[in-house]
Amino acid sequence: MKANTQKAAKSPKNGFFARFKANKELLVLSIPGAVWFLFFAYLPLFGILVAFKKFRLSGNGFFYNLFTSETVGFDNFKFLFSSGDAWIIVRNTVLYNFTFIILGVAVPVVLALLLNEIKNKGMMKIYQSSMFLPYFLSWVVVSYCVFAFLNPEKGYFNAIIQQFGGQPISWYTEKKFWPFIIIFMSQWKGMGYNTVVYLASICGIDKTYYEAAALDGATKWQQIKYITLPLLKPVITILLIMSVGGIFKADFGLFYQLPKNSGPLYPVTNVLDTYIFRALKTSGEIGMSSAAALFQSTVGFVLIMIANKIVSKIDNENALF
Amino acid sequence: MSRRKMEKRIKKIEAEECKYNQIKNSTNVLFNVILAILSLICVIPFIFVIIISLTDEQSLVMNGYRFIPEKFSLYAYEYIISAGESIIRSYGVTILVTVVGTIIGLLLTGTYAYALSRKSYAYRKFFTTVITIPMLFSGGMIANYLIVTKVMMLKDSLWALILPLCLNSFNIIVLRTFFKTSIPDAVVESAKIDGASEWRLFFQIVIPMALPGLATIGLFLTLGYWNDWFNAMMYMDDKNMIPLQYLLIQIESSIDWLANNKAMMGVDGITAAANMPKETIKMAIVVISTLPIIFAYPFFQRYFVNGLTVGAVKE
């Protein structure tokens, strides 16, 4: 009898059921979430096929349309890259994101160091709270805050310019200012959040390192250089890998809401996300915009893999996976 | 000795220990000045919007936006209360979507994260993979749009505002880490020996013990829903069901349209357009749509900081 049950447990089929039974309850708990992922993350992967199709919507449902519409291979991609837009859009996306990645590490780390060093901890709380505030506002609200300064007729900046005898500037049609405005506002909104991440990591560093260093006569700068920054490296690396993976993604609100979708600014504000959205909403070019979306996802995936590989080669501890 | 007194004493001792390790007074002043300027830059634009919303429409048209207006007026807010049905309805939509979305999101994130946090769960690896792949590769905007509108038929449905945002891999990972670190295995094991089912374990033991973690995720979700306009822009054509943030995007064009077409309209249109405080009302809607966040802000911030610290811990 005993030998029999042992044998039964070893047979793969019974093992599967036994395992299933033992995990039944936890399985029930994780199924709803998995179903959500099936619908909102995995089902859209079929939508990628649209990039290879001459897709037309008719009344017969999405999958019917998908399988009956003509397959055109890489034609959509060819169209995308032969249009003059593609180069500008990719250039904008990459250059902006590259700037954001550099500033997104440098500015918050410097701010976290400053906040950590100042003597009055009460003030530290106030500074931290003020700088965190923009993170909680939506891009729509932020765009109105910016509009209060840049409104061509009533805005604050033009009032100041006129007070000093200058000509008012038509902010929403002058593209030369926007790279700076976009970079500035992206830092404005995000620096508080990132500062908190780094500040939390700095606070987690063992104080005895600093005490020992101070006793050995290390200056504040040396302490930062030889203790704080090296110990922050893991956090910086993980955030870097993640942002490298996102170098082809753009914050839609920043590039669409902030310039108020202004046409003359497209050369400096059009990025992959806004291009895809406009192609979908205005011209209905589903095939070409899905080609752009697939291009975006694929390059992002490849980049995150490469970044992770490089990091794991240099320092296996800090790799993402 | 009370806990507060203890903490105070510990802080005092720490402060004394730190003394020899502090920056010079002049450097301290410099750092404070830099940080104060940055803090002001972060806060002032929003304060400016509040001031504009409280300015009298006439003096605003005459002088433009000013930090110290000639004349204050509450007319924009009065207009919203008396004639702003669509604005008030949008407020309702935002609140409904935020509350329902946060509850569903918390439930889904909580149960999934709890299952993943249990070492004894045999399918843990599989379900971890399920959430990792979407972090690395996604169908993108168009694919999502097609699935939500053409397969799930959610266009012009409030579910289109709720469902896409209720779950994400990042929240699950943060909460799983939180469960792992805050709930000792021994507690779970002993409850199991006492015959508690996983359901009871989750609802009666895990949830009460992990409240700070759940609050963090709840706040992430609440903020996400409250500030969302993108899903409304994609999926909402029905003017009766748009949330506040999207109303703010639309009101720009509808107000401009009213202003530009005054002459083309009948008498009613002219009076309606003339009585509407065009400039201040936009800013007033910005303010009322942000007010709940500003009031909840101190609470928000504390939990966000906790959440970020937890999220930063790897595995």
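Anything mentioned here points back to the structure above.
The shown structure was predicted, so the numbers you read here are calculated from the model rather than taken from an experiment.

Draft legend 1. Fine view of the overall build of chain A. When helices and strands are counted, chain A shows 16 helices and 0 strands. A globule of 321 residues ought to have a C-alpha radius of gyration of about 20 Å, yet chain A, at 27 Å, is considerably larger. Considered along the principal axes of its C-alpha atoms, chain A spans approximately 95 × 70 × 35 Å. Counting every position in chain A, which comprises 321 residues, the buried fraction comes to 49%. When the accessible area of chain A is evaluated, it comes to approximately 15,800 Å², of which 67% is carbon and sulfur surface. If the 29 positive side-chain charges of chain A are averaged to one point and the 15 negative ones to another, these points end up 9 Å apart.

Draft legend 2. Expanded view of helix 15 (residues 272-283) of chain A. Residues and elements named next belong to chain A. Helix length check: helix 15 (12 residues) gives 15 Å between terminal C-alpha atoms against 16 Å at 1.5 Å per residue, within 8%. Counting buried residues in helix 15 gives 9 out of 12 residues, a clear majority hidden from the surface. L272, D273, T274, Y275, I276, F277, R278, A279 and L280 are the residues of helix 15 that are buried. Directly after helix 15, the chain includes G284, whose backbone phi takes a positive value near 65°.

Draft legend 3. Inspection of the packing of helix 5 (residues 85-117) of chain B against helix 11 (residues 198-209) of chain B at higher detail. All names here are of chain B. Contact geometry for helix 5 and helix 11: axes closest at 12 Å, N-to-C directions at 110°. Classed by the angle they form, the pair helix 5 and helix 11 counts as roughly perpendicular. You can see that helix 5 and helix 11 cross each other, and the crossing is right-handed. Listed contacts from helix 11 to G110, T111 and Y114 of helix 5 are E198, L201, F202 and V206. Class assignment for the residues of the contact of helix 5 with helix 11 results in 4 nonpolar, 2 polar and 1 charged.

Draft legend 4. Broad picture of the packing of aromatic side chains. Per the stated rule, a full pass over the model turns up 49 aromatic pairs over all chains. For the ring pair F132(A) and Y135(A), a centre distance of 5.7 Å and an interplane angle of 35° mean the geometry is tilted. Residue classification places Y135(A) among the partly exposed positions, given a relative accessible area of 22%. Aromatic pair Y256(A) and F277(A): ring centres 5.3 Å apart, planes at 80°, arrangement edge-to-face. Of this pair, Y256(A) sits in helix 13 (residues 252-256) while F277(A) sits in helix 15; the two residues are 21 residues apart in sequence, bridging distant segments of the chain. Judged by relative accessible area, which is 12%, Y256(A) ranks as buried. Chaining the aromatic ring pairs together yields one cluster made of W36(A), F37(A), F40(A), Y112(B), Y121(B), Y123(B), F126(B) and F127(B). Over the ring of Y135(A) we find K189(A), and its NZ or CZ is 6.0 Å from the ring centre. Above the ring of W139(A), the side-chain terminus of K189(A) is found at 5.0 Å from the ring centroid.

Draft legend 5. Just the interface of chain A and chain B, in detail. Of the residues lining the interface, 99 residues belong to chain A; the matching set on chain B comes to 100 residues. Taken together, the links from chain A to chain B amount to 1 salt bridge. Among the ionic pairs, K154(A) bridges to E279(B), the shortest N-O distance being 3.4 Å. At the junction of chain A and chain B, the tally comes to 23 residue pairs in polar contact (both at pLDDT 80 or more). Broken down by element, the side of chain A that touches chain B gets its largest block of residues, 20 residues, from helix 3 (residues 24-47) of chain A.

Draft legend 6. Quick look at unusual backbone geometry. In this structure, N261(A) is a non-glycine residue whose phi angle is positive, near 50°. For N261(A), the position within the fold is in the loop between helix 13 and helix 14 (266-269). Phi at D156(B) takes a positive value of approximately 60°, unusual for a residue other than glycine. With respect to the helices and strands, the residue D156(B) is situated in the loop between helix 7 (140-151) and helix 8 (159-162).

Draft legend 7. How the structure looks around the pattern of salt bridges. As enumerated under the stated definition, the model contains 8 salt bridges over all chains in all. The closest approach of N and O atoms between E153(A) and K154(A), which form a salt bridge, is 4.0 Å. Measuring nitrogen to oxygen at the nearest pair gives 3.2 Å for the salt bridge that ties K119(B) to D185(B). Within this pair, whereas K119(B) is found in the loop between helix 5 and helix 6 (124-136), its partner D185(B) is found in helix 10 (residues 185-193), the two being separated by 66 residues in sequence.

Draft legend 8. Region of interest: the nonpolar core. F37(A), W178(A), Y114(B) and F179(B) are the most contacted members of the largest nonpolar core, which has 176 residues in total. When sequence neighbours within four positions are dropped, the list of residues in contact with W178(A) reads Y96(A), L150(A), W171(A), Y172(A), L258(A), P259(A), L265(A) and V268(A). Listed in part, the 6 residues of the second largest apolar core include I304(A), A307(A), V311(A) and A319(A).

Parameters and conventions
Residues numbered from 1 in each chain as written. Chains lettered and ligands numbered in written order. Predicted model: local features only at pLDDT ≥ 70, side-chain atom pairs only at ≥ 80, totals over all residues. Heavy atoms only, no water. Helix = DSSP H or I, 4+ residues; strand = E, 2+ residues; numbered from the N terminus. Rg over C-alpha atoms; globule rule 2.2 N^0.38 Å. Buried < 20%, exposed > 50% of the residue type's maximum accessible area, 1.4 Å probe, protein only. Areas by Shrake-Rupley, 256 points an atom, 1.4 Å probe, with all protein chains shown as cover. Lys, Arg positive; Asp, Glu negative; His and termini not counted. Charge placed at Lys NZ, Arg CZ, Asp CG, Glu CD. Expected span 1.5 Å × (residues − 1). Axes fitted to C-alpha atoms, helices over the stretch in contact; angles between N-to-C directions. Parallel < 35°, antiparallel > 145°, perpendicular 65-115°, else oblique. Left-handed = near helix turned anticlockwise from the far one by under 90°. Contact = heavy atoms within 4.5 Å. Nonpolar A, V, L, I, M, F, W, Y, C, P; charged D, E, K, R; others polar. Phe/Tyr/Trp six-rings, centres within 6.5 Å; stacked < 30°, edge-to-face > 60°. Lys NZ or Arg CZ within 6 Å of the ring centre and 35° of its normal. Salt bridge = Lys/Arg side-chain N within 4 Å of Asp/Glu carboxyl O. Polar contact = N/O pair within 3.5 Å; in protein donor to acceptor, adjacent residues only side chain to side chain. Core = buried A, V, L, I, M, F, W, Y, C linked by side-chain atoms within 4.5 Å.

Scope: geometric values only; no functional claims are made or implied.
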